[in-house]
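The primary structure of each chain is shown beneath.
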Amino acid sequence: MTACRLLTRAVSLLEVRGLTRSYYGVHALRGVDLSVEAGRITGLIGPNGAGKTTLFNCISGLVPPDDGTVRFDGRVVTRWRPDRITGAGLVRTFQIARGFPLLSVLENLLLYGTQQPGEHLVHAVLRSPAARRREAALRERARSIAGRLNLTRMLDQRAAELSGGQKKLLEIGRALMAEPKLLLLDEPVAGVNPTLAREIGEHLRALVVEGISVLLIEHHMDTIAALCDPVIVMAEGRHLRQGSFAELAGDPVVQEAYMGRRR
Ligand SMILES: Nc1ncnc2c1ncn2[C@@H]1O[C@H](COP(=O)(O)OP(=O)(O)OP(=O)(O)O)[C@@H](O)[C@H]1O
Ligand SMILES: [Mg+2]
């Protein structure tokens, strides 16, 4: 019975162990340990400067950690190049939306799709039949993703012309082009009006139903409470607590982290 349970024990989709990162003496991450399970939206909260974005930067390969390991989907991916990590299905969005403001929404989506494994420049230049088929499939995928995110009407508009909320949706759309298994979302509803924030929340729920897992950084607590279980709290570069939103909201240690320590 015990052996059986051991064999069937769920393996975490993402496991971070002992991750550290300093910037010129500022300890942004002081040995972070956390696990993210598949099939759910895990929340990641904490006061400004807690290290949440730095954690995403280290997990996604943008910034090398000083120490520690990142295991994703059964493989150690620590210090892999960002495009290789994306290709493995671990895809992040940015706190400040990236992308190309002067290109159309469709072009922005297509550009992210062309960074996929199997896409070789030589095919694109020679316009081989394989490249044309690939491009047609990418366009189809981009249109389908725009459709599900209610961006179809904006496909030919420049990204710069989108509202703040639509830019956030495009950022999620660009990540979806990379066919993620786990999406790392850095404040996807920050500055977005409440109606669109709820709509983005519904999109995230639909993604989970389709088998895409989410790790969500957000300061907007209504969104965290509505979508996330469990929620992880970071403070001062460390994993502080994990639990349901209701448990954490009543936890004095979490409250103190948000209020700031009295010295
Ligand atoms: N590139 C950098 N250079 C220098 N210091 C940095 C850099 N990136 C992050 N830091 C520092 O690391 C600490 C953690 O920052 P980080 O951006 O990860 O926090 P955060 O939890 O995402 O905050 P917020 O909720 O405000 O987005 C802060 O003290 C920050 O100033
Ligand atoms: Mg941040």
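Presented here is an overview of the structure given in this document. (Residues numbered from 1 in each chain as written. Chains lettered and ligands numbered in written order. Predicted model: local features only at pLDDT ≥ 70, side-chain atom pairs only at ≥ 80, totals over all residues. Heavy atoms only, no water.)

## Focus: the site of ligand 1
Part 1 of the argument: Near ligand 1, the surroundings consist of 14 residues, among which Asn48, Gly49, Lys52, Thr54 and His219 are the closest.
Part 2 of the argument: In this structure, an oxygen atom belonging to ligand 1 sits 2.7 Å away from a side-chain N or O atom of Lys52.
Part 3 of the argument: In this structure, an oxygen atom belonging to ligand 1 sits 2.6 Å away from a side-chain N or O atom of His219.
Part 4 of the argument: Expressed as a share of its isolated accessible area of 640 Å², the protein-covered part of ligand 1 is 64%.
Part 5 of the argument: When contributions to the shell around ligand 1 are tallied by element, the ones reaching two or more residues are strand E2 (26–36) and helix H2 (52–59).
Part 6 of the argument: In terms of residues, the shell around ligand 1 owes the most to one element, H2, which gives 3 residues. (Near = heavy atom within 4 Å. Polar contact = N/O pair within 3.5 Å; in protein donor to acceptor, adjacent residues only side chain to side chain. Areas by Shrake-Rupley, 256 points an atom, 1.4 Å probe, with all protein chains shown as cover. Helix = DSSP H or I, 4+ residues; strand = E, 2+ residues; numbered from the N terminus.)

## Some points on the packing of helix H6 (residues 129–148) against helix H7 (residues 164–177)
Part 1 of the argument: Running from N to C, H6 and H7 cross one another at 140 degrees; their axes reach a closest spacing of 10 Å. On the basis of their axis angle, the class for H6 and H7 is oblique. Classified by chirality, the crossing of H7 by H6 is right-handed. Within the contact between the two elements, H6 uses Leu138, Arg141, Ala142, Ile145 and Arg148 and H7 uses Gly173, Leu176 and Met177. (Axes fitted to C-alpha atoms, helices over the stretch in contact; angles between N-to-C directions. Parallel < 35°, antiparallel > 145°, perpendicular 65-115°, else oblique. Left-handed = near helix turned anticlockwise from the far one by under 90°. Contact = heavy atoms within 4.5 Å.)

## Considerations on the sheet that holds strand E6 (residues 90–92)
Part 1 of the argument: One open sheet holds the 6 strands; their spatial order is E6-E7-E8-E3-E9-E10, and the pairing between them is mixed. The strands lining the two open edges of the sheet, one partner per strand, are E6 and strand E10 (238–243). Direction aside, the axes of adjacent strands within the sheet are offset by 20 degrees on average.
Part 2 of the argument: With 5 bridges joining them, strand E9 (residues 231–235) and E10 adopt antiparallel strand pairing. Its bridge partner lying in E10, Ile232 is registered against Gln242.
Part 3 of the argument: Strand contacts of helix H8 (residues 194–209): strand E3 (41–45), strand E7 (182–186) and strand E8 (213–217), with the helix running at about 135 degrees to E3, the strand carrying the most contacts. (Pairing = 2+ DSSP bridges.)

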